[in-house]
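The lines below spell out each chain.
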Amino acid sequence: MTIETDDYRDVWVFVEQHDGTAAPVSWELLAKGRELADETDESLVALVMGDDVSDLAEEAVARGADRALLADDAVFEPYRADPYGEQFRALVEARKPSIVLIGGTHTGRDFAGRVAVPAHAGLTADCTELAVDDEGLLLASRPTFGGDAMATIKCPAHRPQMATVRAGVFDTSEPTESDVERAAAVEEVEVVVAEEDALSTVLERVVSDVVDITDADVVVAGGAGCEGEVGPIVELAEVLGGEVAASRAAVDEGWIEPARQVGQTGKTVRPHLYIAAGISGAVQHLEGMNDSDVVVAVNTDPNAAIFEHADYGIVGDLHEVLPKLTELVREQQEVAA
Amino acid sequence: MNDGWNIVVCVKQVPDADDVTIDPDTGTLNRSGAPAVLNRPDHNAVESALALRESVGGTVTAITMGPPPAKAVLQTAVGVGADGGVLLTDRAFGGSDTWPTSLALARAAAELDADVVICGEESTDSSTGQVPPGIAAHNGWSQLTYVESLDPQPEDGVLVGKRDVEGGYERVAAELPVVVAMEFGANRPRPAGLHRKIFAETEFEPVEWSASDLGIEDRVGLANSPTKVGGMDTATPVERERIRVESVDELYEYIAEVR
Ligand SMILES: Cc1cc2nc3c(=O)[nH]c(=O)nc-3n(C[C@H](O)[C@H](O)[C@H](O)COP(=O)(O)OP(=O)(O)OC[C@H]3O[C@@H](n4cnc5c(N)ncnc54)[C@H](O)[C@@H]3O)c2cc1C
Ligand SMILES: Cc1cc2nc3c(=O)[nH]c(=O)nc-3n(C[C@H](O)[C@H](O)[C@H](O)COP(=O)(O)OP(=O)(O)OC[C@H]3O[C@@H](n4cnc5c(N)ncnc54)[C@H](O)[C@@H]3O)c2cc1C
């Protein structure tokens, strides 16, 4: 199948939202999308789908989108792959975007994987760098082999060029007091899907507020070495004014909530100080913490891989090391006060 | 459906992650030394498939797309209890990205008259997680990704999945046929039984299908893949001090310095 790639224009950002609250990565993508659109001299278009979410479409304009497309209908809340996918397919067919950016969340990946197929689009997974080349082709780069290599993926002959992007990689966009009439830049589109056609039903949805650890300046992360006792992690994070984080092992055990997972299938953090306690240093974990300025490792195993990726390492039991460290920080703070 | 569900489980052969290295001089990947294994998350997929068969009856068929040696991952699946295996192998598949890969698996699943297709969360070698929703999209089937547990309701012809979502979970009832991607670590995969394992390694022969058997020889392979790997660069390794400190007091000094 060959298509006329010149017919495709504009950069779209899928604004992922749940119950009227946007996922933070959506606003990060809007900032990056703005850069790409400026470079290719195209428009930045926010795609907002949901039930009663026109305020989000306006907010997207305030955060830098030239226009917003709004598909507003009860069928779009909560998210389901097939109604979202069918609506998206129809929009892409009618409007032909050149680039589509989607957050690399569970919802974003569920959506992107579904919609790329009927569009016959190229979809690059989990990118951490985005650029355009001289011809305006998207260069989507993703870490592979545990971050040891970066693969740059292009999509020369198919459109749209789609990418999912990891949360926390790009800076967010801020709302501005722009002089555009926000409401005027929002276009409500025709809804082409109906509830009767849906292949699935959401029976129950249990979610609480999601913490965002991606902007933290100090992160104290615990792993399987916590052995169920995460008090030392929490207390050290508290005295340092930082956030608690975890390896996937500690999340799977249920000791620390999933939103705090760092790594390839978790968050990317870029703190000034990252303390990894009881974490072995698997490649999937390192990918999420490699951008930290200073890394400290606490591990009972002197041969743990994490020491190779740390600035300061101490061989010891975290249940002894961390409380002592907490105590020292606390003493110093009292002296200073 | 008195005789249970046709359950298809997708298994991928990958290089053992621990043995893939980067040549520091040339910057190229060295995968040659790495033994090929069953993708770690696919162990969870196989376990779910077997558990599903235990609760609703039916059969479990493992499928893999890959070169002939990929037969080994089918043997692994049969060794723990899958009833049979299908190897999708053909030079025409070479260089497929997730679009044609999911097409081939979708066609095979339809050919097997699947009620449920179970995949892993993502592969450890290219980790896109795009294949399961891709299979669902190609066939117009429902999908459940990031699934923690399954609750089949055969009387209604639906499969209920508990999905991990940001900040919590949701329970979704999906119509059959459905494509499921199990979360990595969602269950404890059972070990292979000795007799079954011997059977898998000595007597079991997979069914082999080529691209033309599936009628997709013109739609797969590098030429039909929208994405092209434009370049592979070694990431600049992050330089770390790697200082071993002997006491907590000393560690504190360093931390106080950087804060
Ligand atoms: C597809 C896929 C995606 C993945 N995504 C992620 C991800 O996003 N993030 C992630 O973290 N992992 C991820 N993983 C899992 C990853 O491969 C590792 O299994 C995981 O990171 C291990 O966690 P851990 O280091 O806490 O546990 P382990 O590897 O079990 O290490 C525990 C460490 O604690 C040390 N220890 C034990 N007791 C103590 C003590 N008392 N004091 C101090 N140290 C102690 C041990 O020496 C050991 O080094 C993924 C895996 C796959 C297959
Ligand atoms: C470095 C690198 C980066 C890549 N990046 C991209 C990219 O961004 N976009 C893209 O479209 N392609 C990409 N590819 C190509 C992609 O790896 C192949 O298409 C691959 O065959 C399937 O993708 P996956 O391993 O990511 O599958 P995933 O979607 O991660 O796999 C999920 C599950 O699907 C099933 N499954 C996947 N493949 C098979 C198989 N061959 N046989 C049986 N079951 C299977 C398994 O159950 C598996 O657990 C990349 C390849 C490389 C080497």
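Conventions we followed
- Residues numbered from 1 in each chain as written.
- Chains lettered and ligands numbered in written order.
- Predicted model: local features only at pLDDT ≥ 70, side-chain atom pairs only at ≥ 80, totals over all residues.
- Heavy atoms only, no water.
- Helix = DSSP H or I, 4+ residues; strand = E, 2+ residues; numbered from the N terminus.
- Buried < 20%, exposed > 50% of the residue type's maximum accessible area, 1.4 Å probe, protein only.
- Contact = heavy atoms within 4.5 Å.
- Near = heavy atom within 4 Å.
- Polar contact = N/O pair within 3.5 Å; in protein donor to acceptor, adjacent residues only side chain to side chain.
- Areas by Shrake-Rupley, 256 points an atom, 1.4 Å probe, with all protein chains shown as cover.
- Nonpolar A, V, L, I, M, F, W, Y, C, P; charged D, E, K, R; others polar.
- Disulfide = S-S within 2.5 Å.
- Phe/Tyr/Trp six-rings, centres within 6.5 Å; stacked < 30°, edge-to-face > 60°.
- pLDDT = per-residue confidence, 0-100.
- Domains from an automatic or database assignment.
- Buried area = accessible area lost by both parts, 1.4 Å probe.
- Pairing = 2+ DSSP bridges.

The helix and strand inventory of chain B stands at six helices and 15 strands. Reported as C-alpha extents along the three principal axes, the dimensions of chain B are approximately 70 × 40 × 40 Å. Here chain B, with 259 residues, has 52% of them falling under the buried criterion. The contacts in chain B between residues at least 6 apart in sequence include a share of 72% that link residues at least 24 apart.

Once that is clear, we can look at unusual backbone geometry. Note that the residue after Glu77 of chain A, namely Pro78 of chain A, is joined by a cis bond; omega there is -10°. For the bond from Arg159 of chain A to Pro160 of chain A, the omega torsion is -10°, close enough to zero to count as cis. Mapped onto the elements of the fold, Pro160 of chain A is located in the loop between strand 10 (149-154) and strand 11 (161-165). Phi at Asp113 of chain B takes a positive value of approximately 60°, unusual for a residue other than glycine. Summarising the element assignment, Asp113 of chain B is placed in the loop between helix 3 (98-111) and strand 8 (116-119). Given the relative accessible area of 54%, Asp113 of chain B is considered exposed.

With that settled, consider the environment of Val178 of chain B. Residues and elements named next belong to chain B. Here Val178 lies in strand 12 (residues 178-182). Val178 sits in the buried class, given a relative accessible area of 0%. The sequence separation of Val178 and Ala114 amounts to 64 residues, and the corresponding C-alpha distance is 8.5 Å. Setting aside its immediate chain neighbours within four residues, Val178 contacts Asp115, Val116, Val117, Ser142, Gln143, Leu144 and Leu159.

Before going further, it helps to spend a moment on the site of ligand 2. The immediate surroundings of ligand 2 are formed by 32 residues, with Lys12, Asp42, Thr98, Ser123 and Ser126 of chain B found nearest. Chain contributions to the surroundings of ligand 2 come from chains A and B. Within the side chain of Arg142 of chain A, a nitrogen or oxygen atom sits 2.9 Å from a nitrogen atom of ligand 2. The separation between an oxygen atom of ligand 2 and a polar side-chain atom of Lys12 of chain B is 2.5 Å. Contact with the protein chains hides 92% of the accessible area of ligand 2, taken as 940 Å² for the molecule alone. Residue assignment for the shell around ligand 2 shows that the elements contributing at least two residues are strand 7 (122-127) and strand 9 (138-144) of chain A together with strand 6 (58-65), helix 3 and helix 4 (131-139) of chain B. Looking at the shell around ligand 2 residue by residue, the classes come out as eleven nonpolar, 15 polar and six charged.

All names here are of chain A. One pass over the structure, following the stated rule, counts zero disulfides over all chains. Residue Cys127 stays outside any disulfide, its sulfur separated by 12 Å from that of Cys155, the closest cysteine. Of the residues examined, Cys127 reaches a relative accessible area of 0% and is grouped as buried.

What follows concerns the packing of aromatic side chains. Residues and elements named next belong to chain A. For the structure shown, the criterion picks out eight aromatic pairs over all chains. With a centroid separation of 6.2 Å and 85° between ring planes, the pair formed by Tyr84 and Phe111 is classed as edge-to-face. Of this pair, Tyr84 sits in helix 3 (residues 81-95) while Phe111 is found in helix 4 (residues 106-119), placing the two residues 27 residues apart along the sequence. By the burial criterion, Tyr84 is buried, and Phe111 matches it.

In the vicinity of ligand 1 there are 30 residues, among which Ala224, Ser247, Thr265, Ser280 and Asn299 of chain A approach most closely. With respect to ligand 1, its neighbouring residues span chains A and B. A distance of 2.6 Å separates a nitrogen atom of ligand 1 from a polar atom in the side chain of Thr265 of chain A. Protein burial of ligand 1: of its 990 Å² of free accessible surface, 84% is covered by the chains. For the shell around ligand 1, the elements supplying multiple residues, two or more each, are helix 6 (248-252), helix 7 (283-289) and helix 8 (318-336) of chain A together with helix 1 (40-56) of chain B.

Quick look at helix 2 (residues 54-62) of chain A now. Residues and elements named next belong to chain A. Listed as buried for helix 2 are Leu56, Ala57, Ala60, Val61 and Ala62. Contacts from the buried residues of helix 2 go to strand 2 (17-18), strand 3 (21-22), helix 1 (24-40), strand 4 (44-50), strand 5 (67-72) and strand 12 (186-188). The positive-phi residue at the C-terminal boundary of helix 2 is Gly64, with phi of around 125°.

On to the environment of Glu241 of chain B, then. Following the sequence through the fold, Glu241 of chain B ends up in the loop between strand 14 (228-234) and strand 15 (243-244). Once residues within four sequence positions are removed from consideration, Glu241 of chain B is found in contact with Ala310 and Asp311 of chain A.

It is worth spelling out the confidence of the model for chain B at this point. When pLDDT is averaged along chain B, the result is 93; 93% of the residues meet or exceed 70. Taken over the whole predicted complex, pTM reads 0.93, whereas the ipTM for its chain interfaces reads 0.93.

Let's shift gears to the domain arrangement of chain A. Residues and elements named next belong to chain A. What the domain assignment reports for chain A is domain 1 (9-197) and domain 2 (218-336). One C-alpha centre belongs to domain 1, the other to domain 2; they are set 33 Å apart. With ten residues of domain 1 at the interface, the matching set in domain 2 holds six residues. Carbon and sulfur atoms supply 35% of the area that domain 1 and domain 2 bury against each other, a total of about 750 Å² over both sides.

Moving on to the pairing of strand 10 (residues 158-165) of chain B. Residue and element names in this part refer to chain B. When you tally the buried positions in strand 10, you get seven out of eight residues, the bulk of the element. Hairpin connection of strand 9 (residues 142-153) to strand 10: four residues between the antiparallel strands, including Gly157 at a positive phi of 65°. Hairpin connection of strand 10 to strand 11 (residues 168-175): two residues between the antiparallel strands, including Gly167 at a positive phi of 85°.

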